[in-house]
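Close look at the chain arrangement
Next come the chains, spelled out residue by residue.
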Amino acid sequence: MVAVSSAGQVSERDAPFQLRGNSFTMMVLKVLDPASANFFPALAGKVRQAPNFFRHAPIVLDFDELPDAVAFDVAAFVGRVREQYLLPIGFHGGPAAVQEQSLACGLVPMPTGRAAKLELARPVDSSGQPVAPPPEPVFRPALVVTEPVRSGTQLYAQGTDLIVTASVSHGAEVLADGNIHVYGALRGRALAGISGDSGARIFCQSLEAEVVSIAGLYRVSEDLDPSLLKKAVQIRLDDGFLHIALL
Amino acid sequence: MGKIIVMTSGKGGVGKTTSSAAFATGLALRGFKTVVIDFDVGLRNLDLVMGCERRVVFDFINVINGEAKLNQALIKDKRVDNLYILPTSQTRDKDALTKEGVERILNELCKEFDYIVCDSPAGIERGALMSLYFADHAIIVTNPEVSSVRDSDRILGVLSAKSRRAEQGMEPVTQQLLLTRYDPERVEKGEMLKVDDVLEILAIPLLGVIPESQAVLRASNIGMPVILDENSNAGQAYLDAVGRFLGEDVEHRFTTVQKKGLFSRLLRRSA
């Protein structure tokens, strides 16, 4: 007889698997002009800059900005992306024909977080009157960490800011849906705005990071301006570029 | 009630066994009843460093498996009163360490001893986890070079997440740094990390700096804890570290290059 808990579930210990929610950071390849002869040479060049970072990285293909009338063989395109050791696993947006082909290739439709939210912001009821806006999101206090974030640990401030009043070690990873503050040296990886908030920022007292990223746009330590290293900086997104400035 | 100390590092070859042997001996010299346990199942070394390899009959794993009594496996040191060694098995592997077995033996030892020093194997797998799980104090053994420092940082993360004190929400394991194989001359040339560099990254209190010394290898080869070589820098540094561990305020030594000053030159001339 299988033990059944009050919630009607099979007891966790007996289950042959565990089902859990998790969130992962993924890169998005925004496809603007797939027909360009320069597309794959440019992509290969990008991958060559940080081969270890890109190798077998799962990516989402963003077709949002493709023109409606585009003639586009998704399967062939995915094949060529794979040649760069990138693994397309999903797509989002795009003309209907492109979406159909993408599904046929086994790509998963990813929710278009931002756009969907904007549409939902002012729904209209059957009589054409705007319904009341949804309640303001409940305030979520920042996740405050006072101990050093050690190598090998991952910290995620879900739906809020992350404040670390110590250092983040090499090989540690800090993630937040909001801003990240490090009142110490940032030596590991810091990814802010991972659910797409491009207004998120990263602040640290000493920039020595392996990777910094805001809303999916990242920079590896090799690409950091040497004059900013070990300095107090803030990192923000502007015009689609990461800006790193002294504090 | 005895206190459990784990000597750990993540990285191999940094001096965990040397430090375990020295530290346990130092505590016993101060009059505390001390036992040092080898957790490196399959790579039995502690008994060699302690010079008791020819007296090993039963080991830690035999006791865990109920094949021998604890008192049959404990080896009394011939040089220092109050000092005992619990050697490990050379023929088994780390899977022989069960959490229940280790807990039972540590509980038994805690009743009889003041300090239990656990010599952790390298890595962050079962052997290392078992050696640190029950710890009250952790001594992190680190060499002044980047890979050792990073591995130490990793093991500090493991301590604050996977130890019994962390899991049960008790007061955290105290953590102290023992910087070993420190060579001030090479530090001055920029070939090694400075004490301050290491402290900045690891951000834990400094228990001691053990200078690179030929005495360490010499002592290991004859099966004598280097702390008993009181004429060596390394031996003195371990004695200092034990004092600091016991709460004494001892100034750090051997961290700078010893320059021959005018005074010592004059002395030599007159001699």
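Nothing here was measured: the structure is a model prediction, and the numbers come from that model.

Quick look at the nonpolar core now. The nonpolar side chains of a soluble globular protein tend to be buried with one another. All names here are of chain B. Counting residues in each nonpolar core, the largest one holds 49 residues, and the members touching the most others are Phe60, Leu86, Leu97, Val102, Leu109 and Ile116. When sequence neighbours within four positions are dropped, the list of residues in contact with leucine 97 reads Phe39, Val41, Phe60, Ile61, Ile64, Val102, Arg126, Gly127 and Met130. Among the nonpolar cores identified, the runner-up in size contains 37 residues, and Ala22, Val117, Ile139 and Leu178 belong to it.

Glancing now at unusual backbone geometry. One non-glycine residue, histidine 56 of chain A, lies in positive phi territory at about 60°. Position of histidine 56 of chain A relative to the elements: it lies in the loop between helix 2 (51–54) and strand 2 (57–62). Assessed through its relative accessible area of 47%, histidine 56 of chain A is described here as partly exposed. Here asparagine 82 of chain B, not a glycine, exhibits a phi torsion of approximately 70°, which is positive. Tracing the backbone through its elements, the reader meets asparagine 82 of chain B in the loop between strand 3 (75–76) and strand 4 (83–86).

For the rest of this paragraph, the subject is the packing of aromatic side chains. In this structure the tally under the stated criterion is 13 aromatic pairs over all chains. Clustering of aromatic rings is evident, with ring pairs tying together Phe39, Phe40, Phe63, Phe72, Phe77 and Phe91 of chain A. Above the face of the phenylalanine 113 of chain B ring, lysine 33 of chain B is positioned so that its terminal group lies 5.0 Å from the ring centre. Above the face of the tyrosine 133 of chain B ring, lysine 99 of chain B is positioned so that its terminal group lies 4.1 Å from the ring centre.

Residues and elements named next belong to chain B. One can describe the packing of helix 7 (residues 146–162) onto helix 10 (residues 195–202) by two numbers: an axis separation of 10 Å at closest approach and a directional angle of 30°. If you check the angle between helix 7 and helix 10, you find them roughly parallel. The element helix 7 and its partner helix 10 pack so that their crossing is right-handed. Judged by residue contacts, Val149, Ser152, Asp153 and Leu156 of helix 7 engage Val198, Ile201 and Leu202 from helix 10. Counted by class, the contact of helix 7 with helix 10 contains five nonpolar, one polar and one charged residues.

The next thing to look at is the environment of cysteine 52 of chain B. All names here are of chain B. Mapped onto the fold, cysteine 52 is located in the loop between helix 2 (46–49) and helix 3 (60–64). On the basis of relative accessible area, cysteine 52 is assigned to the buried category, the value being 2%. For cysteine 52 and isoleucine 85, which are 33 residues apart along the polypeptide, the C-alpha to C-alpha distance reads 8.3 Å. For cysteine 52, the residues in contact, after removing those within four places along its chain, are Asp47, Ile75 and Ile85.

On to the environment of serine 220 of chain B, then. Residue and element names in this part refer to chain B. You can see serine 220 is positioned in helix 11 (residues 214–221). Residue serine 220 is classed as partly exposed on the basis of its relative accessible area, which comes to 22%. Spatially, the C-alpha atom of serine 220 lies 8.3 Å from that of glycine 51, the residues being 169 residues apart in sequence. Excluding residues within four positions of it along the chain, serine 220 makes contact with Thr18, Leu48 and Val49.

Turning to the sheet that holds strand 10 (residues 189–192) of chain A, a few remarks are in order. All names here are of chain A. Within the open sheet, the five strands sit side by side as 6-8-10-12-13. Their pairing is mixed. If you trace the sheet from one side to the other, it starts and ends with strand 6 (154–157) and strand 13 (217–220), each paired once. Taken over all neighbouring pairs, the strand axes of this sheet differ in orientation by 10° on average, direction set aside. Relative to strand 12 (residues 211–214), strand 10 is paired through four bridges, and the arrangement is parallel. Along strand 12, the bridge assignment pairs alanine 190 with valine 212.

Note that threonine 34 of chain B resides in strand 2 (residues 34–38). If sequence neighbours within four positions are ignored, threonine 34 of chain B has contacts with Ala24, Leu27, Ala28, Asn82, Leu83, Tyr84, Phe113, Tyr115 and Val117 of chain B.

Let us now look at the environment of serine 232 of chain B. Residue and element names in this part refer to chain B. Within the secondary structure layout, serine 232 lies in the loop between helix 11 and helix 12 (233–245). Exposure remark for serine 232: the relative accessible area of 5% places this residue in the buried category. Sequence separation between serine 232 and valine 80 is 152 residues, and the spatial gap between their C-alpha atoms is 18 Å. Not counting residues up to four positions away in its chain, the partners in contact with serine 232 are Ala215 and Val226. Polar side-chain contacts of serine 232 include one of 2.8 Å to the backbone oxygen of aspartate 229. A polar atom in the side chain of serine 232 sits 2.9 Å from the backbone nitrogen of glycine 235.

With 11 residues of chain B in contact, the opposing surface of chain A contributes eight residues. Applying the counting rule to chain B against chain A returns three salt bridges. Two residues, aspartate 153 of chain B and arginine 150 of chain A, come together in a salt bridge whose shortest N-O distance is 3.0 Å. Inspection of the region where chain B meets chain A yields five residue pairs in polar contact (both at pLDDT 80 or more). Mapped by element, the contributors of at least two residues to the side of chain B that touches chain A are helix 7 and helix 10 of chain B. For the side of chain B that touches chain A, the leading source of residues is helix 7 of chain B, giving five residues.

The rules behind the values
Residues numbered from 1 in each chain as written. Chains lettered and ligands numbered in written order. Predicted model: local features only at pLDDT ≥ 70, side-chain atom pairs only at ≥ 80, totals over all residues. Heavy atoms only, no water. Core = buried A, V, L, I, M, F, W, Y, C linked by side-chain atoms within 4.5 Å. Buried < 20%, exposed > 50% of the residue type's maximum accessible area, 1.4 Å probe, protein only. Contact = heavy atoms within 4.5 Å. Helix = DSSP H or I, 4+ residues; strand = E, 2+ residues; numbered from the N terminus. Phe/Tyr/Trp six-rings, centres within 6.5 Å; stacked < 30°, edge-to-face > 60°. Lys NZ or Arg CZ within 6 Å of the ring centre and 35° of its normal. Axes fitted to C-alpha atoms, helices over the stretch in contact; angles between N-to-C directions. Parallel < 35°, antiparallel > 145°, perpendicular 65-115°, else oblique. Left-handed = near helix turned anticlockwise from the far one by under 90°. Nonpolar A, V, L, I, M, F, W, Y, C, P; charged D, E, K, R; others polar. Pairing = 2+ DSSP bridges. Polar contact = N/O pair within 3.5 Å; in protein donor to acceptor, adjacent residues only side chain to side chain. Salt bridge = Lys/Arg side-chain N within 4 Å of Asp/Glu carboxyl O.

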